[in-house]
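Residues per chain are reported as follows:
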Amino acid sequence: MSRAGFFVTGTDTGIGKTHVSVSLIRLLRTRGLRVVGMKPVASGAERIGENWQNEDALALMAASSLSLPYDWVNPYVFEAPLSPHLSAARAGQQVELSYLITAYQRLAAFADCLIVEGAGGWRVPLNPAEDIADLALRLELPVILVVGMRLGCINHACLTQAAMQAKGVRNAGWVANHLESDLACREEVLATLSDKLGEPPLGELEFVDDFSHGESTRNNVWRVGEILRRLGSLG
Ligand SMILES: Nc1ncnc2c1ncn2[C@@H]1O[C@H](COP(=O)(O)OP(=O)(O)OP(=O)(O)O)[C@@H](O)[C@H]1O
Ligand SMILES: [Mg+2]
């Protein structure tokens, strides 16, 4: 598989993977690309009519260039907001990576570029034997690491990058997502992360005051040329 795209992972659950993925989809769309988001496995869902739907998948769908069926975008959706291997087991199911690869290929046929959001952090189990890292490797996508900028993030970022290297996935860079309005020593933390992770962030997303009113993109900064270069040369 050699479709262009990125796999988006993060330093933890709830640190801005969806926020960054949606922003990235919008950014790439402004460059004339047909961009589609994918949430392969989602834990935590609401029943809408006959079906379960997850808010990350809905957000990615809303941002995407094309309107495609829900279950193409989010093949596995489980009600319980637990680690995916546990929510799947609770639903009497087991996540199969081969099923996700097929779903990915189906989406890839419709898009120039796919943004695939993981679940939780890098080593979150998907079934008893495989985790998010295995899925990213199987999808052969370069991986973007979202760092949720808060106390403890340097440690989480370094551990995640080391685990990514050990897995042998292609590292496409990192994005700083400002989860707090007043992180102490913000510039020093950014400089430390840039030093430890080997380069400055591909993007920096500012703190959004009232998230429920939709993201503000005004002060976000992206290294667009670099992102496009990595999309082309790595994808
Ligand atoms: N830049 C930001 N400014 C303010 N709040 C933010 C920002 N980014 C994320 N948040 C807050 O963190 C929450 C989680 O963000 P998001 O859903 O993008 O994380 P995630 O890593 O995708 O989570 P999950 O592991 O559930 O997929 C948001 O609902 C919002 O409340
Ligand atoms: Mg998310």
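In this text, all values refer to a predicted model and were calculated from it rather than measured experimentally.

Taken together, 18 residues surround ligand 1, and among them Thr13, Lys17, Thr18, Asp56 and Val208 come closest. Taking Gly14, its main chain carries an N or O atom lying 3.1 Å from an oxygen atom of ligand 1. Between Glu117 and ligand 1, the recorded distance is 3.1 Å, taken from a side-chain N or O atom to an oxygen atom. Protein contacts shield 75% of the accessible area of ligand 1, which totals 630 Å² for the unbound molecule. Ranked by the residues each element gives to the shell around ligand 1, the list is headed by helix α1 (residues 17-29), at 3 residues. Tallied by class, the residues present in the shell around ligand 1 amount to 5 nonpolar, 8 polar and 5 charged.

A sheet is described by the order of its strands in space; here 7 strands give the open sequence β2-β7-β1-β8-β9-β10-β11, paired in mixed fashion. Here the strands that pair on one side only, and so sit at the sheet edges, are β2 (35-38) and β11 (221-222). Strand direction decides the pairing type here: strand β10 (residues 203-205) and β11, joined by 2 bridges, are antiparallel. Within β11, the position partnered with Gly203 by the bridge is Trp222. Helix-sheet contacts for α1 involve β1 (5-10), β2, β7 (113-117), β8 (143-148), β9 (171-177), β10 and β11, and the interaxial angle to β7 is about 175 degrees.

Cut-off values and rules
- Residues numbered from 1 in each chain as written.
- Chains lettered and ligands numbered in written order.
- Predicted model: local features only at pLDDT ≥ 70, side-chain atom pairs only at ≥ 80, totals over all residues.
- Heavy atoms only, no water.
- Near = heavy atom within 4 Å.
- Polar contact = N/O pair within 3.5 Å; in protein donor to acceptor, adjacent residues only side chain to side chain.
- Areas by Shrake-Rupley, 256 points an atom, 1.4 Å probe, with all protein chains shown as cover.
- Helix = DSSP H or I, 4+ residues; strand = E, 2+ residues; numbered from the N terminus.
- Nonpolar A, V, L, I, M, F, W, Y, C, P; charged D, E, K, R; others polar.
- Pairing = 2+ DSSP bridges.
- Contact = heavy atoms within 4.5 Å.
- Axes fitted to C-alpha atoms, helices over the stretch in contact; angles between N-to-C directions.

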